[in-house]
Amino acid sequence: MTTSTDATAVDTYVLDANIFIEAKQRYYAFDVCPGFWDALVWQHGQGRVVSIDRVKTELTQLADDLKSWATVAMPGECFFDTDTEAVLEAYREAIAWVMAQTQFSDPAKAGFADTGNADAWVIAFAKAIGATVVTHEKANPNVHRRVPIPNVCEGLNVPYVDTFQMLRALATTFSWSQP
């Protein structure tokens, strides 16, 4: 089993489930931009792109190409175990921060704290290894009905970016070739 210390690096990005799901459904569909998926595998091999076990669980509950990619193409060690003391400590910190915020409704807090929700775990893992969260969510100081990942990242001083910022930072580009 891989430990969280294996993922530590200056420029390590921890991908939220929505990065994979939105890419597949929209701008980086497997048949339109296979290079995106190849790049994730390659960047993982360089130790720069990882995710967590709970995100893999979300991806493998789907009955589609994403499930196949997550279980066949992406090496299993990309999805790190969140059952470590450092991650659990950071998870407790994230939950405590959310519970202390008056901005969020009680149902929003409960949803975020649900252990089946990968969001808090992604943040906790990134905090534990000193990495950057990658998410499509945006910070929103006025939201009440849900807890955006960037709000918690800001509260815990965990850096976050979106897919395109990550790709630029990793100097990843895609080119077209004539059919």
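Before reading further, recall that the structure is shown in the block above.
Keep in mind it's a predicted model, so treat the numbers as computed, not measured.

Draft legend 1. Expanded view of the pairing of strand 2 (residues 49-52). Neither face of strand 2 is left uncovered, since the one carrying Val 49 and Ser 51 and the one carrying Val 50 and Ile 52 both have all their residues buried. In terms of strand pairing, strand 1 (residues 13-15) meets strand 2 through 2 bridges, oriented parallel. Considered in strand 2, the bridge of Val 14 is made with Val 50. As paired elements, strand 2 and strand 3 (residues 79-80) share 2 bridges and run parallel to each other. By the bridge assignment, Ile 52 is partnered in strand 3 with Phe 80.

Draft legend 2. Layout of the environment of Val 143. Position of Val 143 among the secondary structure elements: in the loop between strand 4 (132-134) and helix 8 (149-156). With 91 residues separating them along the chain, Val 143 and Ile 52 place their C-alpha atoms 26 Å apart. Excluding residues that lie within four positions of it along the chain, Val 143 makes contacts with Gln 103, Phe 104, Pro 148 and Asn 151.

Draft legend 3. Summary view of the sheet that holds strand 1. Reading across the sheet, the 5 strands line up as 3-2-1-4-5 and stay open at both edges, with parallel pairing between neighbours. At either end of the open sheet lies a strand with only one pairing partner, and these are strand 3 and strand 5 (160-161). Inspection of the sheet shows strand 4 paired to strand 5 by 2 bridges, in the parallel sense. Each bridged residue has a counterpart across the sheet, and for Val 134 the counterpart in strand 5 is Val 161.

Draft legend 4. Examining the packing of helix 3 (residues 53-60) against helix 4 (residues 65-73) more closely. Direction vectors running N to C along helix 3 and helix 4 enclose 140 degrees, while the axes themselves pass 8 Å from each other. Here helix 4 runs oblique to helix 3, going by the angle between their axes. On helix 4, the residues touching Lys 56, Leu 59 and Thr 60 of helix 3 are Leu 66, Lys 67, Ala 70 and Thr 71.

Criteria and cut-off values
- Residues numbered from 1 in each chain as written.
- Predicted model: local features only at pLDDT ≥ 70, side-chain atom pairs only at ≥ 80, totals over all residues.
- Heavy atoms only, no water.
- Buried < 20%, exposed > 50% of the residue type's maximum accessible area, 1.4 Å probe, protein only.
- Helix = DSSP H or I, 4+ residues; strand = E, 2+ residues; numbered from the N terminus.
- Pairing = 2+ DSSP bridges.
- Contact = heavy atoms within 4.5 Å.
- Axes fitted to C-alpha atoms, helices over the stretch in contact; angles between N-to-C directions.
- Parallel < 35°, antiparallel > 145°, perpendicular 65-115°, else oblique.

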